[in-house]
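Close look at the chain arrangement
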Amino acid sequence: MTATSSAATHQTHDRRAVVIALIALVLYNAAYLVSWALSSPQPAFGDFFGLWSFGKFAALSGAGIYDPVALARYQQTLDPALGGGGFPYPYPPTFLVALIPLGLLALPVAYVCWISVTFALYGLATLGRNWRSLDGLALLAAPTTLINAITGQNGFLSAALLIGGLRLLASHPIIAGALLGLLAYKPQFVLLMPVVLLASRSWRAIVSAVATTVIVAVVTSAALDPWIWLQWVMKFPDYQAQLGANQASLDHMMPTVIAGLHALGAPPPVGITVQLVLSCAIVALVWAAWRRGITNRAIALVAVGSIIATPYAMIYDLPMVAAGIAIHWKARVDAGEPIATLEIGLVIALGVCLLAMIGHTVPLAAALLLVLLVLSIAGVFDRSARTVAALNVAPPAPG
């Protein structure tokens, strides 16, 4: 047997082992999801019940969605098991464009449609036509996929808008800007977007993002209530106060630095200071990467860095991290570059940590793993790997 054929056989065996491992993880995710569904969680379908109820209530009451007492009372008519509780609506009116159609469907049908459609958009944004591949199987097997499916949350949608917008910047800047403008339904994840768009000099995308935001604001105001945006602005401080009051109960589900420090008992000024320092560091890394061009590495930095830069993120928001890793690793493999052993270890540890966080407090662990991961992607631990021409999506935009 020649050296070439021996190497090919070894690669085939390695690929087969990876496929078997991913299939096992997919089956685990499916079994866990079925077990969770049969356990009759309250409310039914987890947080998705809240999203579904938002759509139903907004269709009836418009800006009344920002009255937490009226909203909770309505939710209790939908599910008396809520008792005296409910789900407040903290999002901008933009999100209602997606939620109102869901509210017209029966809850189980709406859940299946929501998860399947948003996951399909997520896979398409991340992998394009290569979704029927080993990479697609990896996205399906990722712990972030299981977590988002269990909660019924919007992590797939946020990742689809972020990753899709970044990947289309070079070829379709108008569409890219529109997607990034729609991402403003979760304002904490647009913190890095001005840095990205200015560093890459994507002027048309900037105009498109602003125009999309304005158009959606006008449409929601006209369709629902002329005062709905004013209501959101007025009520937002109340939601911030409520979040602060309930911070201790949320810490175990938040992979952010500020939440981890809060869980360890650090004074709020310490958490705010550390968060600010890390956010500035991420801004610097992202600026430097995007000034050099629109690359897969730069996209991965934004995907992972967006979670580090914001003080508020939940574990169900991490599909964007999985997408960034998938894009970065696929680019390296396609270019014949090895995937860093450190990154593989960090990703495995992060997956285990996120699954543990579903029911347990693991202070700062996820945040530290994310920081190390973004540093590795940036090439801090391997200077020779910082720039690989074969990984470029597009050169810097003309000045």
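Located above this text is the structure these notes cover.
What you see is a predicted model, and the numbers here were worked out from it, not measured in a lab.

Looking now at a nonpolar patch on the surface. A contiguous nonpolar surface patch, about 330 Å² in accessible area, is contributed by Leu342, Leu372, Val380 and Phe381. Mapped onto the elements, valine 380 comes out in the loop between helix 19 (365–377) and strand 2 (392–394).

Glancing now at unusual backbone geometry. The residue after glutamine 42, namely proline 43, is reached through a cis peptide bond having omega -5 degrees. Positionally, proline 43 belongs in the loop between helix 1 (3–38) and helix 2 (48–61). One non-glycine residue, arginine 201, lies in the positive phi region at around 55 degrees. Tracing the chain through its elements places arginine 201 in the loop between helix 10 (193–199) and helix 11 (203–223). We classify arginine 201 as buried; its relative accessible area is 18%. In this structure, leucine 364 is a non-glycine residue whose phi angle is positive, near 70 degrees. As for its placement among the helices and strands, leucine 364 is situated in the loop between helix 18 (341–357) and helix 19. Residue leucine 364 is classed as buried on the basis of its relative accessible area, which comes to 17%.

Next up on the list: the pattern of salt bridges. Summed over all chains, the structure comprises three salt bridges. The shortest N-O distance in the salt bridge between lysine 186 and aspartate 317 comes to 2.8 Å. Here aspartate 317 lies in the loop between helix 16 (296–309) and helix 17 (319–334) and lysine 186 lies in the loop between helix 9 (173–182) and helix 10, a separation of 131 residues in the sequence. Accessibility assignment for this pair places lysine 186 and aspartate 317 in one class, buried. Taking the shortest distance from any N to any O, the salt bridge between arginine 332 and glutamate 337 comes out at 3.4 Å. The class of arginine 332 is buried, set by a relative accessible area of 6%.

Let us now look at the packing of helix 2 against helix 5 (residues 107–127). Packing of helix 2 against helix 5 leaves a shortest axis separation of 10 Å and a crossing angle of 105 degrees. Viewed along their axes, helix 2 and helix 5 adopt a mutual orientation that is roughly perpendicular. Of the residues in helix 5, those touching helix 2 at Phe48, Phe49, Leu51 and Trp52 are Leu107, Ala110, Tyr111 and Trp114. Looking at the contact of helix 2 with helix 5 residue by residue, the class counts come to eight nonpolar, no polar and no charged.

What counts as what
- Residues numbered from 1 in each chain as written.
- Predicted model: local features only at pLDDT ≥ 70, side-chain atom pairs only at ≥ 80, totals over all residues.
- Heavy atoms only, no water.
- Patch = residues over 30% accessible without salt bridge, like charges linked within 9 Å, V, L, I, M, F, W, Y side chains within 5 Å.
- Areas by Shrake-Rupley, 256 points an atom, 1.4 Å probe, with all protein chains shown as cover.
- Salt bridge = Lys/Arg side-chain N within 4 Å of Asp/Glu carboxyl O.
- Helix = DSSP H or I, 4+ residues; strand = E, 2+ residues; numbered from the N terminus.
- Buried < 20%, exposed > 50% of the residue type's maximum accessible area, 1.4 Å probe, protein only.
- Axes fitted to C-alpha atoms, helices over the stretch in contact; angles between N-to-C directions.
- Parallel < 35°, antiparallel > 145°, perpendicular 65-115°, else oblique.
- Contact = heavy atoms within 4.5 Å.
- Nonpolar A, V, L, I, M, F, W, Y, C, P; charged D, E, K, R; others polar.

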